[in-house]
Amino acid sequence: MNPENSKQENDCENGKGSSVDFIRTIVADDVRSNKWGGKVITRFPPEPNGYLHIGHGKAICLSFGIAAENEGGRCHLRYDDTNPVKEEARYANSIQEDVRWLGWDWGENLFYASDYFEKMYEYAVVLIKKSYAYVCDLATDQFGEYRGTLTTPGKESPFRNRSVEENLDLFRRMRGGEFEDGSRVLRAKIDMRSPNLNMRDPVMYRILHADHFRTGSKWCIYPTYDWAHGLEDSIEGITHSICTLEFENHRPLYDWYLDKLEIHHPRQIEFARLELTYTVMSKRKLLQLVEEGLVNGWDDPRMPTICGMRRRGYSPESIRQFCRLIGVNKYNSTIDIALLEHCLREDLNKTSCRVMAVLRPLKVVIDNYPENEVEWMEAVNNPGDQNAGTRMVPFSKVLYIEQDDFMETPLRKFFRLSPGREVRLRYAYIITCTGVIKDEDGQIVELHCNYDSATRGGNAPDGRKVKSTLHWVSAAHALKSEVRLFEHLFTEERPDDSSEGDGFRSGLNPNSLQVLSGCKVEPGLGEAKPFDRFQFERLGYFNVDPDSVAGSLVFNRTVTLRDTWAKVQKKQGES
């Protein structure tokens, strides 16, 4: 570990730095001291072997954010595409889409590790010539035996002391395709007794006869992640290489490579990765969910992937605000998903137009309202934003309200509609229930009411108080739609901690998706486009799913109106 890094990180963690996070403090100090000429060049280096999740979102906001905060700073988007077996162009394209959607731009600085394959090969030759690398013929099952353990040192490979000339010849022939997959590797010659297992002669290249999605069949040897990682940063002139904590023990290896090659040496700084309650962040586990059909693809709205969150109705602003609030530290912890949902509600409350929708319709006939008459009521689009204006919604003799808004025999604290009781219809009139119609099974299918024509807009001229206001839609004008209601994907706060035989999957929530058909929404939503976001009054925030087609809208519930973050904070404060 670099002592300079350690001291500054510890000082910042102990409050000796500034009020900003420890990484920004380190960057600011480097700028003030004119290190690297005052430049700030960061990077976001995903592997194109899957879809990004919100943990990547934190890393994106950190690296791109730090670059944006410093004059002349820039952040590279660079793919670590060193494993042709798992990587695909579709993943690379989705990553670019996600980064842009989050509000960041890499400009001209889009790079790939594969851009540097030739340069990496040349660097490997340099290490061979310096006797710092050798070709090893150990079988795969022998590597564990020779590597040792955390408590026992490793053993040197019998091929470790090959001559420079033999190693150069074998490495050239590896590249030329002479040998079978897995028959030989190129290893760094460091220290088989090192307490850091990463330093025990790590593999730099392996033979893999597989086509790469960018380079095709040009290469049959591919660099390992650890060999490529530091070189990519060095070649691009990165100043601050910001990584998650699992790379901390790899830092000495990156330092060793760069020092032996005597090339540009970026500063690596590690931070704690994001963990959220009620979900998993492991790309491997997310892939399991997809491949086993436990979710409906990578963009399933229950997934923590960026594309899944976008489909559910999350806004990029809410995710960026969440990343600002959780901050950056050196210690692993789990963030309650209630904070993420709080940030989402805060943003959607400011930006979403209000509309009326009925998810479980109950027919209401207003007996004393004129036949075939339609009135257009003025409704506020967003009470917190005067510039959002108003819209007109139709009112007629037959309406729909929510089934839950009526109770034939009301409980003591039930103030919504019941026989003989008045309620206010939002933006319209006060009505009184006069009759109930049931089907042959005794289920309520229709209500009959009278309206007070003097209460247009919802206010009674005589000043009488009405305790409840209901949302509604006009039956003759309402659009039929499907609504998908989502809950947490897992019932357990920390699915990874499950001790059940099925592992993390044992905590899957069987009620995480409920599909409602026959829902009714106000007619103005007929012009809504996929990903448009709305607040369904009294019900929550919803957005238009891409499955929607003309005449058949599909909505996803993004989040309910009830904010639990204050309750979570109180509970955390008491514990």
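Going along each chain's sequence as written, the residues are numbered from 1 onward. Predicted model: local features are reported for residues with pLDDT of at least 70 only, side-chain atom pairs are reported and counted for 80 or more only, and whole-chain, interface and lining totals are derived from all residues. Where side-chain values are given, they derive from all heavy atoms of the structure, hydrogens and water being excluded.

Novice: What's the story with the confidence of the model for the protein chain in this structure? I'm lost.
Specialist: Caution applies to low-pLDDT parts of the model: their predicted coordinates are not meant to be read in detail. Note on scores: pLDDT gives the predictor's confidence for each residue, bounded by 0 and 100. Model confidence for the protein chain is summarised by a mean pLDDT of 93, while 96% of its residues fall at 70 or above. Ignoring residues within four places in sequence, the model shows residues 1–18, a span with pLDDT below 50, making 31 contacts including any to other chains. Here, two residues are considered to be in contact whenever any of their heavy atoms come within 4.5 Å of each other.

Novice: Would you mind showing me how to read the pairing of strand β20 (residues 444–452) here?
Specialist: In summary, the side chains of a regular strand alternate between the two faces of the sheet. Two strands qualify as a pair provided DSSP detects at least 2 bridges between them. Every helix listed is a DSSP run of H or I at least four residues long, and every strand listed is a run of E at least two residues long, numbered separately from the N terminus. Bridging between strand β14 (residues 361–366) and β20 involves four bridges; their strand directions are parallel. Along β20, the bridge assignment pairs Ile 366 with Cys 449. Bridging between strand β19 (residues 430–438) and β20 involves eight bridges; their strand directions are antiparallel. Following the sheet pairing, Cys 433 is matched in β20 by Cys 449. What sits between the antiparallel neighbours β19 and β20 is a turn of five residues, in which Gly 442 has the positive phi angle 85 degrees.

Novice: So what exactly am I meant to see when it comes to the layout of surface pockets here?
Specialist: To find the voids left in a structure, one rolls a probe of water-molecule size over its atoms. Of the grid points, spaced at 1 Å and generated over the protein atoms alone, those admitting a 1.4 Å probe that cannot get out make up cavities, while open sets with protein on both sides within 12 Å along at least five of seven lines make up pockets; any residue with an atom within 4 Å of a point is treated as lining. Grid points are joined across faces, edges and corners, and a volume is the space filled by probe spheres set on the points. Taken as a whole, the largest pocket encloses approximately 970 Å³ of empty space. Lining the largest pocket are 36 residues, with Glu 47, Asn 49, His 56, Arg 273 and Lys 283 positioned closest to its centre. Among the elements of the structure, β1 (41–44), α3 (54–69), α4 (89–101), α8 (225–235), β8 (240–244) and α10 (283–291) are those that each provide at least two residues to the lining of the largest pocket. Put simply, Ala, Val, Leu, Ile, Met, Phe, Trp, Tyr, Cys and Pro go in the nonpolar bin, Asp, Glu, Lys and Arg in the charged bin, and everything else, Gly too, in the polar bin. Classifying every residue of the lining of the largest pocket gives 14 nonpolar, 11 polar and 11 charged.

Novice: What exactly am I supposed to notice about the packing of aromatic side chains here?
Specialist: Any two aromatic rings considered together are summarised by their centre-to-centre distance and by the angle between their planes. Classification of ring pairs uses Phe, Tyr and Trp, with its six-membered ring standing for Trp, and accepts pairs whose centres are within 6.5 Å; under 30 degrees between planes counts as stacked, over 60 as edge-to-face, and the remaining range as tilted. On inspection of all chains with the given rule, the structure shows 21 aromatic pairs. Ring plane angle 40 degrees and centroid distance 5.3 Å describe the contact between Tyr 51 and Trp 298, whose orientation is recorded as tilted. With a gap of 247 residues between them, Tyr 51 in the loop between β1 and α3 and Trp 298 in the loop between α10 and α11 (306–312) connect regions that are remote in the sequence. Taken individually, Tyr 51 and Trp 298 each receive the classification buried, so the pair is uniform in this respect. To sort residues, take the accessible area from a 1.4 Å probe on protein chains only and compare it with the maximum for the residue type: under 20% means buried, over 50% means exposed, and anything in between is partly exposed.

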